[in-house]
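# Structural overview for review
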Amino acid sequence: MSDESNPAVPQGYEISDDPGRIDVGRVHRWLSTDAYWALGRARAKQESAIRGSLNFGAYEVGSGEQVAYARVVTDRATFAWLCDVYVAPSARGNGLGTALVTAVRDQLRAYGVRRVLLATHDAHGLYAKLGFEPLAKPDQWMALVFE
C-alpha cells in the first residue's frame, strides 16, 4: 500500500544506491544533452561528481537497464543536497521519478540528516508531494557562484 507521500516503486522497476550499478556513460549523456541544469557538462566533471556523491539509480527489473538517476551531495549525518534527478523519457509518466526521490528521502532520513536542499525550475509540485517546501527564511541563505 502507498500514499502520495510514500509511493510504491512502479511494477517492473527497482531502485538501488549501489554505486557499481550506475551507468556513468548513460547518466552523462542524459544530463549533458537533455537536462537544462547540466547541458554541456564534461564527462570528467560528471565522473568526479558521481565519485563524490551518494548515487541512486532506477532499473528495469528484467534487463537491469538504468532508466533514472539521482545524486546527493551529503555528509550522511546533518546535511544533503539533492541534485541531478533525471528520468529517461521512455520511463516517464508512471511515478518512477516520485518513487526515486522517495527512496532518496527515506535513505537520508535513516542517516539522521536534518536538512535536504534542492533547486528546481519546473518540478515544485513533485517535490512538494514528498515534503519539500520553499525556504522558510530565504534571507538567511547565501550562495557563492563561480561562473
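Relevant structure appears above.
How each quantity is defined
- Counting starts from 1 at the beginning of each chain's written sequence and moves along it residue by residue.
- With the structure being a predicted model, the display of local features is reserved for residues of pLDDT at least 70 and the display and counting of side-chain atom pairs for 80 or more, all residues being used for whole-chain, interface and lining totals.
- Heavy atoms throughout the structure, all of them, feed into the side-chain values; hydrogens and water do not.
- The helix and strand labels rest on DSSP assignments: H or I over at least four residues marks a helix, E over at least two residues marks a strand, and numbering proceeds from the N terminus.
- Atoms counted for the radius of gyration: C-alpha only. Globule rule: 2.2 Å times the number of residues to the power 0.38.
- Here's how the labels work: a residue is buried when its accessible area is under 20% of the maximum for its type, exposed when over 50%, partly exposed in between, all with a 1.4 Å probe on protein chains only.
- Here a residue-residue contact requires only that any non-hydrogen atoms of the pair lie within 4.5 Å.
- Under the counting rule used here, the positive set is Lys and Arg, the negative set is Asp and Glu, and His together with the chain ends is not counted.
- Charged side chains are reduced to one point each, which is NZ for Lys, CZ for Arg, CG for Asp and CD for Glu.
- For a helix, the expected span equals 1.5 Å multiplied by the number of residues minus one.
- By convention in these notes, a salt bridge is any Lys or Arg side-chain nitrogen within 4 Å of a carboxyl oxygen on Asp or Glu.

### Examining the overall build of the protein chain
In terms of regular secondary structure, the protein chain is built from four helices and five strands. Ordered by position from N to C terminus, the α and β elements of the protein chain give β-α-α-β-β-β-α-β-α. Relative to the 2.2 N^0.38 estimate, which gives 15 Å for 147 residues, the radius of gyration of the protein chain is 15 Å and therefore close to what a compact globule would have. Counting only C-alpha atoms, the protein chain reaches 45 × 40 × 30 Å along its principal axes. Out of the 147 residues belonging to the protein chain, those deemed buried represent 37%. Here the contacts in the protein chain between residues at least 6 apart in sequence split such that 62% fall between residues at least 24 apart. Treating the 16 positive side-chain charges of the protein chain as one cloud and the 17 negative ones as another, the clouds have centres 4 Å apart.

### Structural notes on helix α3 (residues 96-111)
Here α3 contains 16 residues, and its C-alpha end-to-end distance of 23 Å stays within 8% of the 22 Å for a straight helix at 1.5 Å per residue. When α3 is considered as a whole, its buried residues turn out to be Leu96, Gly97, Thr98, Ala99, Leu100, Val101, Thr102, Val104, Arg105 and Leu108. Residues of α3 that are buried in the fold lie against β1 (13-16), β2 (54-60), β3 (66-74), β4 (79-87), β5 (115-118) and α4 (124-129). Glycine 112 occupies a position one or two residues after α3 and carries a positive phi of about 90 degrees.

### Here we look at the pattern of salt bridges
All told, the structure shown has nine salt bridges when counted by the stated rule. A salt bridge links aspartate 23 to arginine 26; the shortest N-O distance between them is 3.4 Å. Overall, the relative accessible area of 18% leaves arginine 26 in the buried class. Two residues, glutamate 65 and arginine 26, come together in a salt bridge whose shortest N-O distance is 2.7 Å. Of this pair, glutamate 65 sits in the loop between β2 and β3 while arginine 26 sits in helix α1 (residues 24-34), placing them 39 residues apart in sequence. Through salt bridges with shared partners, one network takes in Asp23, Arg26 and Glu65.

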